[in-house]
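Spelled out from the first residue to the last, the chains are:
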Amino acid sequence: QVQLLESGGDSVQAGGSLRPSCEVSRFKYTGRCMAWFRQPSGGAREGVASIVSSGGARYADSVQGRFTISKDNAKNTVYLQMNALKPEDTAMYYCAAGPPLFHPQCLLRMEEYGAWGQGTQVTVSS
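Just so you know, these numbers come straight off a predicted model, no measurement behind them. (Residues numbered from 1 in each chain as written. Predicted model: local features only at pLDDT ≥ 70, side-chain atom pairs only at ≥ 80, totals over all residues. Heavy atoms only, no water.)

Caption draft 1: Inspection of the side chain of S50 at higher detail. With respect to the helices, strands and loops of the structure, S50 is situated in strand 5 (residues 46-51). Residue S50 is classed as buried on the basis of its relative accessible area of 1%. Of the polar contacts made by the side chain of S50, one reaches the backbone oxygen of C106; its length is 2.7 Å. In this structure, S50 is in contact with M34, A35, G56, A57, R58, I69, C106, L108 and Y113, ignoring residues within four places of it in sequence. (Helix = DSSP H or I, 4+ residues; strand = E, 2+ residues; numbered from the N terminus. Buried < 20%, exposed > 50% of the residue type's maximum accessible area, 1.4 Å probe, protein only. Polar contact = N/O pair within 3.5 Å; in protein donor to acceptor, adjacent residues only side chain to side chain. Contact = heavy atoms within 4.5 Å.)

Listed below in structure tokens is the structure:
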């Protein structure tokens, strides 16, 4: 029943910034884990960042210190602020939502999430 719509992907130069967003419809994300995953062309999908309704967040080692996940409860939207972008960040970025649990851990594992968006492409050139 959860529907996710990503937007904001673009092509930028190394060192630049982007802020993709994920609008959640059909259901409030309160009580669910929300996360961003990415998949390079020909590569495996990996977790980037996750956030729980209370605001706690997790980050992959490769992006911590550069990326920040946040949410706007009024807009039912999740964001991924990406700074100091590197060519290695080039990938299709997917928004994901977990099931409604009382105390979700929001681990960066694909099996934790059941709803996925279509993805938004981020390309970083050197």
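Caption draft 2: Structural context of the pattern of salt bridges. The tally for this structure, following the rule as stated, stands at five salt bridges. E111 is the salt-bridge partner of R109, the closest N and O atoms lying 3.9 Å from each other. Across the pair R109 and E112 runs a salt bridge whose closest N-O atoms are separated by 3.0 Å. Judged by its relative accessible area of 41%, R109 is partly exposed. A cluster of three or more residues bridged by salt bridges with shared partners is formed by R38, E46, R66 and D89. (Salt bridge = Lys/Arg side-chain N within 4 Å of Asp/Glu carboxyl O.)

Caption draft 3: The side chain of R38, seen in detail. Mapped onto the secondary structure, R38 falls in strand 4 (residues 34-39). Under the relative-accessibility criterion, R38 is labelled buried at 4%. Within the structure, the side chain of R38 is placed 2.8 Å from the side chain of E46, a separation counted as a polar contact. For R38, the side chain forms a polar contact with the side chain of D89, separated by 2.8 Å. Sequence-distant contacts of R38, defined by excluding residues within four places in its chain, comprise A44, R45, E46, V48, S62, V63, F67, E88, D89, A91, M92 and Y93.

Caption draft 4: View of the sheet that holds strand 1 (residues 3-7). Spatially, 1-3-8-7 is the arrangement adopted by the four strands of the open sheet, whose pairing is antiparallel. Of all strands in the sheet, those with a lone pairing partner are strand 1 and strand 7 (67-72), marking the two edges. Across the sheet, the mean angle separating the axes of adjacent strands is 20° when strand polarity is ignored. Across five bridges, strand 1 lies against strand 3 (residues 21-25) in antiparallel orientation. When the bridges of strand 3 are listed, S7 appears paired with S21. (Pairing = 2+ DSSP bridges. Axes fitted to C-alpha atoms, helices over the stretch in contact; angles between N-to-C directions.)

Caption draft 5: Representation of the pairing of strand 5 in the model. Within strand 5, five of the six residues are buried, which leaves it mostly tucked inside the rest of the structure. Linking strand 4 to strand 5, which pair antiparallel, is a turn of six residues; within it G42 sits at a positive phi near 80°. Sheet topology places strand 5 next to strand 6 (residues 57-59); three bridges connect them, and they run antiparallel. Paired with S50 across the two strands is R58, which belongs to strand 6. In this structure, the hairpin formed by strand 5 and strand 6 is closed by a connection of five residues, where G55 is found at a positive phi of approximately 110°.

Caption draft 6: Quick look at unusual backbone geometry. Positive phi, close to 50°, is recorded for A84, a residue that is not glycine. Looking at where A84 falls in the secondary structure, it is placed in the loop between strand 8 (77-82) and strand 9 (91-97). Owing to a relative accessible area of 39%, A84 belongs among the partly exposed residues under this scheme. Notably, C106 is not glycine yet its phi reads approximately 60°, a positive angle. Structurally, C106 is set in the loop between strand 9 and strand 10 (115-116).

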